[in-house]
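Descriptive analysis of the structure
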Amino acid sequence: MERDKGPGANYTKVEKEKVKTEENEIRVTSKGKIKSYLGYALRIFDAEKANLRSLKIRATGNAIVKALILIELVKRRVGDLHQINEITSTEITDEYEPQVEGLERIEQKRRVTCLDCTLSKDPLDTNHIGYQPPTPKEERPERTERPQRPERTQRPEGERDQQQRPPRQQNRDQPPR
């Protein structure tokens, strides 16, 4: 059981059983890092490692924005992927057990938006309302090392570089010539 700010300090939230995901499925959470999701997605489509033909990306609530970023990154890096998006909503029930005797168990229900996206190397149903045709892989230049910045040298206290500033005008009341 985990402490939660749900119905009050006299209750603890009941942990739900985690549902196992498939090998080619990513469940994006608002706390997860896009970089790690992207690495897993690219390994799924890598011919030498997993060589799977499709990937399902799922997200709910605030994680949908993160999932959309992930989807676009995967499409650009892998290329030629068919896409089907499905937007639904589902009701989630949170249960709270009392810590104080005499109180009843509480259930809270809330409705959340869900995004299910299927990316596939194989053609998908083009008549599906959420279908998007493949786009070519984005060519990325080879990554080279960044040029090293020249090291800054410390100037002696009070010494200034006079060339950095333009000269001041002597009389500010007169217009420039």
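An account of the accompanying structure is given in this report. Keep in mind that what you see is a predicted model, and the values were worked out from it rather than measured. (Residues numbered from 1 in each chain as written. Predicted model: local features only at pLDDT ≥ 70, side-chain atom pairs only at ≥ 80, totals over all residues. Heavy atoms only, no water.)

1. So, the overall build of the protein chain
Selection rule: Numbered from the N terminus, helices here are DSSP runs of H or I no shorter than four residues, and strands are runs of E no shorter than two. Each residue gets one of three labels from its accessible area relative to the maximum for its type: buried under 20%, exposed over 50%, partly exposed in between, using a 1.4 Å probe on protein chains only. Residues count as neighbours in contact if any of their non-hydrogen atoms are within 4.5 Å of one another.
Regarding its fold elements, the protein chain presents two helices and seven strands. Evaluated residue by residue, the protein chain yields a buried proportion of 23% over its 177 residues. Across the protein chain, contacts joining residues at least 24 apart in sequence account for 70% of those joining residues at least 6 apart.

2. Topic: the environment of Gly-79
In this fold, Gly-79 is placed in the loop between α2 (64-78) and β5 (82-98). Ignoring sequence-local partners within four residues, the contact set of Gly-79 consists of Val-74, Thr-135, Pro-136 and Lys-137.

3. Brief notes about the packing of helix α1 (residues 34-45) against α2
Keep this limit in mind: Only the stretch in contact is used when a helix axis is fitted, and all axes are lines through C-alpha atoms; the angle between N-to-C directions ranges over 0 to 180 degrees. By the definition adopted for this analysis, an angle is roughly parallel if under 35 degrees, roughly antiparallel if over 145, roughly perpendicular if from 65 to 115, and oblique otherwise. Crossing handedness is read from the near helix: turned anticlockwise from the far helix by less than a right angle, it gives a left-handed crossing, and turned clockwise, a right-handed one. Residues are grouped as follows: Ala, Val, Leu, Ile, Met, Phe, Trp, Tyr, Cys and Pro are nonpolar; Asp, Glu, Lys and Arg are charged; every other residue, Gly included, is polar.
Where α1 contacts α2, the two axes come as close as 10 Å, and the packing angle between them is 40°. As far as their axial angle goes, α2 and α1 are oblique. α1 and α2 meet at a crossing whose hand is right-handed. Judged by residue contacts, Ile-34, Tyr-37, Leu-38, Ala-41, Leu-42 and Phe-45 of α1 engage Lys-66, Ile-69, Leu-70, Leu-73, Val-74, Arg-77 and Val-78 from α2. Partitioning the contact of α1 with α2 into residue classes produces eleven nonpolar, no polar and two charged.

4. Description of the pattern of salt bridges
Short version of the rule: One speaks of a salt bridge when a side-chain nitrogen belonging to Lys or Arg is within 4 Å of a carboxyl oxygen belonging to Asp or Glu.
Tallying each qualifying case throughout the model produces ten salt bridges. Residue Asp-122 pairs with Arg-53 through a salt bridge whose shortest N-O separation is 2.8 Å. Pair noted here: Asp-122 is in the loop between β6 (106-120) and β7 (131-132) and Arg-53 is in the loop between α1 and β4 (54-60), with a separation of 69 residues, a long-range link. Judged by relative accessible area, which is 31%, Asp-122 ranks as partly exposed. Classification of Arg-53 by relative accessible area gives partly exposed; the value is 40%. Across the pair Asp-94 and Arg-110 runs a salt bridge whose closest N-O atoms are separated by 3.0 Å. With a gap of 16 residues between them, Asp-94 in strand β5 and Arg-110 in strand β6 connect regions that are remote in the sequence. Overall, Asp-94 belongs to the buried group, its relative accessible area being 5%. With a relative accessible area of 39%, Arg-110 lands in the partly exposed category.

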